[in-house]
Amino acid sequence: MEVPSEDRFSDLPNPVIHLIFSYLETNDIPRISGISRKFRDACTSSPYLDLEADFLALKRCGSNCQGFQDFVHRVLGRRNGVGIHRLRLSWFCAQPYCKRAGALIDDWVKYAADCNVQELDIGVFPGDGELFVIPPCLSNCQSLRELTLNMKGSGLLLQPGFFASLVDLTLTNVELCATFSGGGIGHWISTSCKSLKFLCLYKVTCYRSKDMSISSSSLQHLNLCACEFPEASKLSITSASLQHFSMRRCLFKEQGKVVVRAERLENLIVDVVFSSDFPNYRRFQFSIFAPSLVSFSWRGPPASYSDNLEHFWRLDEASISLETLHFHHTWQDKEFARNFLAGLLHSVRYTRTLKLNTEVFAYYHHPGVFVDLKHLAVVVRRFEEDQDQTISPFLRGLRNLSTLTIKLDADNDVVADPNVIALLWMRRQRYVAKNRKPRKIAFCFHENEEDFGPGEDNEGMLKWILECEKALGKVKFYY
């Protein structure tokens, strides 16, 4: 049998080989490129490059850093202007003699800019107390569309520039510093990123950025996750194009103010946390103007809330989860919470689907005025004897309610007891007025899989479900 002189893989077109190579890790590239000249050329000309090295866990990086530097120089230096679609370039080392990381990254990024890079992911640790500056060559790179920066908690200095084609920006593990012109991240985005559509800030600490005001006519998605505001801060978002805005687990250590003015905003998620040594929630203000809002979620303590008298006419679903972990429960605090809930519930009164936790009913005792509400879910941390007495006043105002769901909190590790389920079902009449019964009542329980094994005696629960199937509207069990 005649052995073919060349393998079939080498006969594949270069675009196909490049796509296959895009799934390889950094350590695989040198080994692959040593197989043949064809493979070496394919590796160096691939539009997808992942060049990554992490030596932070090593006491001494030895020759590893120098070997990585030489490798990156060879790969990028041999391209001769061949286009780069995506470049992931990360180098993490905390050794004192490797503080040239910033300068070397600048040189490597310049290679990428000369190759018209479209997606650039940079990860670098400049060193304790050192700042990283976005390479100036990127400001003039007309091909750059996506930029991701991961600083491992180091400082990032934003210089004025003009990123004409930048559409997607992600900052991760970054401590933001003021720009050379004296403005913060908001000023930099508003003036330097005129085409930006997607902005994500993850684990970003905003020191010396008291005013984060973003004004954009192109921004569509804004995501702030696990960000920290150590000082009194104002976050102002003004955008006629913004459609999705989320603040998840953002920590405010002092006074905070959030203002959102977005005519086309459809989805809004607010999830704020306060430091335990800053329990004065009345110093946090939240104002919103979003007439096109369709989905709204609030999780956090009470706040000074204002919707600028603009109610959410198009709202389809809303969720309010009140957190009172560090609440002092004084008369002033309780009154503040009641006023906050009254304003927030009034704003979402046109929604069709509403989800509330039982902390809401601890401060709000009025009938719910929701004209179009069809589905209500009540999340409880634990079932108590007077549970129906705290919920039923709110339900009396719901004329068109179709489904009521009593749901155990996902963080609760209580196992559903068949007797508890039977008790709730027998007492279901107390949840609603006689002439305003929902067509379905659902009791939902979250259980841990390890607590509900085949060894448990579940015959009583199953027997009760079968006996009550005719009267039962809906029972859900989550495993």
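Residues numbered from 1 in each chain as written. Predicted model: local features only at pLDDT ≥ 70, side-chain atom pairs only at ≥ 80, totals over all residues. Heavy atoms only, no water.

A. View of the overall build of the protein chain. The helix and strand inventory of the protein chain stands at ten helices and 24 strands. In the protein chain, which comprises 479 residues, the share counted as buried stands at 49%. Of the roughly 23,600 Å² of accessible surface on the protein chain, a fraction of 49% belongs to carbon and sulfur atoms. (Helix = DSSP H or I, 4+ residues; strand = E, 2+ residues; numbered from the N terminus. Buried < 20%, exposed > 50% of the residue type's maximum accessible area, 1.4 Å probe, protein only. Areas by Shrake-Rupley, 256 points an atom, 1.4 Å probe, with all protein chains shown as cover.)

B. Highlighting unusual backbone geometry. A positive phi angle, near 55°, is found at Lys203, a position not held by glycine. Among the structural elements, Lys203 can be located in strand S8 (residues 198-206). In this structure Lys203 comes out as partly exposed when scored by relative accessible area, which is 42%. Although it is not a glycine, Ala226 adopts a positive phi angle of roughly 55°. Mapped onto the secondary structure, Ala226 falls in the loop between strand S10 (221-225) and strand S11 (228-229). Since its relative accessible area comes to 31%, Ala226 is described here as partly exposed.

C. Structural view of the pattern of salt bridges. Counting across every chain of the model gives nine salt bridges. When the shortest N-O distance is used, the salt bridge between Asp50 and Arg88 registers 3.7 Å. One end of the pair, Asp50, is in strand S1 (residues 48-54); the other, Arg88, is in strand S2 (residues 86-92), with 38 residues separating them in the sequence. The salt bridge partner of Arg338 is Glu335, with a shortest N-O separation of 3.0 Å. Taken as a pair, Arg338 and Glu335 lie in helix H7 (residues 331-347) at a separation of three residues, close to a single helical turn. Accessibility expressed as a relative area gives 27% for Arg338, which makes it partly exposed. Taken together, the shared-partner salt bridges in this structure form one network comprising Arg249, Asp271, Arg299 and Glu323. (Salt bridge = Lys/Arg side-chain N within 4 Å of Asp/Glu carboxyl O.)

D. Looking closely at the nonpolar core. By size, the foremost hydrophobic cluster in this structure holds 111 residues, and its most contacted members are Leu171, Phe245, Leu376 and Phe394. Once residues within four sequence positions are removed from consideration, Phe245 is found in contact with Leu222, Leu224, Leu235, Ile237, Val260, Leu265, Asn267, Leu268 and Ile269. (Core = buried A, V, L, I, M, F, W, Y, C linked by side-chain atoms within 4.5 Å. Contact = heavy atoms within 4.5 Å.)

E. Quick look at the confidence of the model for the protein chain. Residues of the protein chain with pLDDT of at least 70 account for 67%, and the chain-wide mean is 76. Taken element by element, the predicted model of the protein chain shows its lowest mean pLDDT in strand S24 (residues 474-478) (45) and its highest in S10 (96). Within the model, the stretch residues 428-434 combines pLDDT values under 50 with 14 contacts to residues more than four positions away or in other chains. Within the model, pLDDT remains below 50 along residues 464-479, and this stretch shows 26 contacts once partners closer than five positions in the same chain are excluded. (pLDDT = per-residue confidence, 0-100.)

F. Quick peek at helix H4 (residues 64-77). In a regular helix each residue adds 1.5 Å, so 14 residues correspond to 20 Å; H4 covers 20 Å between its end C-alpha atoms and thus fits that length. Among all positions in H4, only Cys65, Phe68, Gln69, Phe71, Val72, Val75 and Leu76 are buried. Buried residues in H4, looked at end-on, bunch into an arc of 165°, giving them a common side. (Expected span 1.5 Å × (residues − 1). Arc of directions from axis to C-beta.)

G. Summary view of helix H6 (residues 185-192). Most of H6 sits inside the fold, with six of its eight residues counted as buried. Every buried residue belonging to H6 is among Ile185, Gly186, Trp188, Ile189, Ser190 and Ser192, and all of these are buried. Contact partners of the buried residues in H6: strand S7 (168-177), S8 and strand S9 (211-216).

H. Broad picture of the environment of Glu119. One can find Glu119 in strand S3 (residues 119-124). Of the residues examined, Glu119 reaches a relative accessible area of 22% and is grouped as partly exposed. Separated by 29 residues in sequence, Glu119 and Thr148 have C-alpha atoms that sit 8.3 Å apart. Beyond its immediate chain neighbours, meaning those up to four positions away, Glu119 contacts His85, Arg86, Leu87 and Glu146.

I. Quick peek at the pairing of strand S15 (residues 267-274). As judged from the seven bridges shared by strand S13 (residues 244-252) and S15, these two strands associate in the parallel manner. Bridged to Leu251 within S15 is Val273. (Pairing = 2+ DSSP bridges.)

J. Fine view of the pairing of strand S19 (residues 317-322). Two elements, strand S17 (residues 295-300) and S19, share six bridges in a ladder whose sense is parallel. Across the sheet, the residue bridging to Arg299 is Ser321, located in S19.

K. Structural view of the packing of aromatic side chains. Counted by the stated rule, this structure contains 14 aromatic pairs. Consider the rings of Phe68 and Trp108, whose centres lie 6.0 Å apart with planes at 85°: the pair is edge-to-face. Of this pair, Phe68 sits in helix H4 while Trp108 sits in helix H5 (residues 101-114), and the two are 40 residues apart along the sequence. Considered together, Phe68 and Trp108 belong to a single accessibility category, that of buried residues. Ring geometry for Phe286 and Tyr305: centres 6.4 Å apart, planes at 15°, overall stacked. Within this pair, whereas Phe286 is found in strand S16 (residues 284-289), its partner Tyr305 is found in strand S18 (residues 304-306), the two being separated by 19 residues in sequence. Put simply, the rings of Phe286, Trp298, Tyr305 and Phe340 pair up and form one aromatic cluster. Above the ring of Phe92, the side-chain terminus of Lys152 is found at 4.8 Å from the ring centroid. (Phe/Tyr/Trp six-rings, centres within 6.5 Å; stacked < 30°, edge-to-face > 60°. Lys NZ or Arg CZ within 6 Å of the ring centre and 35° of its normal.)

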